[in-house]
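# Secondary and tertiary structure notes
If you want the building blocks of each chain, they are given just below.
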Amino acid sequence: RTHKIAAIGADGIGPEVIRAGLTVLEALAARDGGFRMEVESFPWSSDYYLAHGHYIPEGGLERLKQFDAIFFGAVGSQQVPDHVSLWGLRLPIAQGFDQYANVRPARVLPGVKSPLQNGAGIDWVIIRENSEGEYAGNGGRAHRGLPIEVGTEVAVFTRAGVERIHRFAFELAMKRPRRQLTLVTKSNAQRFGMVMWDEIFYEVAKDYPALKTDRELVDAVTTRMVLKPQTLDVIVATNLHADILSDLAAALSGSLGIAPTANLNPERQFPSMFEPIHGSAFDITGKGIANPVATFWTASMMLEHLGEADAAARLMRAIEAVTASGLHTPDLGGTATTEDVTRAVCEHIRQH
Ligand code: NAI
Ligand code: MG
């Protein structure tokens, strides 16, 4: 089997961790002999934007369509406003390829210290609606600079969009041992879209009688994540809410530097995109100390999606052996470099 992978490192530490991720993927392909990869790297980034006036050139999305998966670093630069870079590169791919299911696992890896005393109870998957809601891009500005200046940012929820993310969440929760799904909204203060979310959730729930469900308001669930992490399993939430909750989840699992994510087009009409949750981390760019573990875990999710379950599991075992050994980058309190961790993971893959 040959998998065609589009690599887009983009900005800051993005290219550093994607390079490390590709190294590990090559070690896996060499080890198993079961699959091959054809990787093409794309230079699309904020530097590219500053030179060419666009992140994705004419016909760029059409080219990406030819790939089986997209392996993405991070976009964001001090030279370009964040809303321009995000809407220039990451959102056109995620929305253009209808990657509506954003899957974000959170777990404290062996050898990693959670800031929570009961952090071992963290074993969650946050499902983020990734195509509409608060990030639908619906809004405007009026009377710029005047005393009555108005800015609107109107969330858009469609029945079809809500129903498909709930169904995805139920299916995923059914595959986990605890079979538990928590609905997160803010349907007390927000009376329309959020209430519709709740209603559709319970309609879909009728098809999954074996699954335990409960619900939380988004503010309340943050306290439950911190105080009773073991009581949560799968969480489904809107684009904005899940974005925020998953950064909290990443921090509670030890570092933003270990948290992975998959932007899935579950129907596989288009390629899905796999990326670490973190951004381009200006403060550590070029220092060679970015934690590559988030990207490795991301690569494991990509392999899983590509049907390489054995290689995906082998990679997770290698990651966990290395974190357990105490070889940590500075974000986890260690002194290892990106390269040290990458080399150790490759070595484990070769030997096990
Ligand atoms: P960030 O995730 O880049 O950094 C937050 C903090 O976490 C920094 O102290 C950073 O050094 C640390 N950190 C992040 N990843 C790390 C890693 N792999 N290893 C060690 N430490 C790590 O978030 P921030 O600072 O809010 O954003 C920086 C830029 O990244 C902005 O332009 C933002 O828009 C962009 N961004 C892009 C994302 C994406 O492409 N999906 C996601 C989040 C932010
Ligand atoms: Mg985020």
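Within each chain, residues carry numbers counting from 1 in the order of the written sequence. Written order decides the labels, with chains lettered from A and ligands numbered from 1. At least 70 in pLDDT is required for a residue's local features to be given in this predicted model, at least 80 for side-chain atom pairs to be given and counted, and no such filter applies to totals for whole chains, interfaces and linings, which use all residues.

By a widespread convention, an interface's size corresponds to the accessible area lost as its parts come together. Boundary definitions for the domains trace back to an automatic or database domain assignment. Taken domain by domain, the chain comprises domain 1 (1-101 + 258-352) and domain 2 (114-253). Taking only C-alpha atoms into account, the centre of domain 1 sits 25 Å from that of domain 2. On the domain 2 side, the residues contacting the eleven residues of domain 1 number eleven residues. Note on residue classes: Ala, Val, Leu, Ile, Met, Phe, Trp, Tyr, Cys and Pro are nonpolar, Asp, Glu, Lys and Arg are charged, and everything else, Gly too, is polar. Considering only residue class, the side of domain 1 that touches domain 2 consists of seven nonpolar, three polar and one charged. Residues are scored as being in contact if the C-beta atoms we place from backbone atoms lie within 7 Å.

Our focus in this paragraph is the packing of helix H5 (residues 159-174) against helix H6 (residues 193-205). Two elements in contact, H5 and H6, have axes whose closest approach is 9 Å; the angle formed by their N-to-C orientations is 50 degrees. Compared by their axis directions, H5 and H6 come out oblique. Relative to H6, the crossing made by H5 is right-handed. Here Arg 159, Val 162, Glu 163, His 166, Arg 167 and Phe 170 of H5 lie close against H6, whose contacting residues are Met 196, Trp 197, Ile 200, Phe 201 and Val 204. Class assignment of the residues belonging to the contact of H5 with H6 gives a composition of seven nonpolar, one polar and three charged. Inter-axis angles, ranging from 0 to 180 degrees, are taken between N-to-C directions of lines fitted to C-alpha atoms, where helices are fitted over the stretch in contact. Numbering of helices and strands runs from the N terminus, with a helix taken as a DSSP run of H or I at least four residues long and a strand as a DSSP run of E at least two residues long. When describing relative orientation, an angle under 35 degrees is termed roughly parallel and one over 145 degrees roughly antiparallel, while 65 to 115 degrees is termed roughly perpendicular and anything else oblique. If you view the pair so one helix is near and one far, a crossing is left-handed when the near helix is turned anticlockwise from the far one by less than a right angle, and right-handed when it is turned clockwise.

Right, let's talk about helix H11 (residues 338-351) for a bit. Multiplying 1.5 Å by the residue count of a helix minus one yields the expected span of that helix. Here H11 spans 20 Å end to end across 14 residues, near enough to the 20 Å set by a 1.5 Å rise per residue. Every C-beta atom is placed from the backbone, and the number of other C-beta atoms within 10 Å of a residue's own sets its class: buried at 20 or more, exposed at 12 or fewer, partly exposed in between. Turning to H11, its buried residues are Thr 338, Val 341, Thr 342, Val 345, Cys 346, His 348 and Ile 349. Along the long axis of H11, the arc covered by the buried residues comes to 160 degrees, so they all point the same way. Opposite the buried face of H11, by more than 90 degrees, sit the exposed residues Arg 350 and Gln 351. Throughout, the arc means that of the directions going from the helix axis to the C-beta atoms.

Turning next to the sheet that holds strand S8 (residues 180-185). Two strands are counted as paired when DSSP detects at least two bridges linking them. With mixed pairing, the ten strands of this open sheet are ordered in space as S2-S1-S3-S12-S11-S4-S5-S10-S8-S9. The two strands at the open ends of the sheet, each matched to only one other strand, are strand S2 (36-41) and strand S9 (212-217). Neighbour-to-neighbour, the strand axes of the sheet open up by a mean angle of 25 degrees, direction not taken into account. Both strand S1 (residues 2-10) and strand S3 (residues 69-74) contribute to a ladder of five bridges, which runs parallel. The residue bridging Ala 6 from the neighbouring strand is Ile 70, located in S3. Set on the sheet, helix H7 (residues 218-227) makes contact with S8, S9 and strand S10 (234-237); between it and S9 the angle comes to about 110 degrees.

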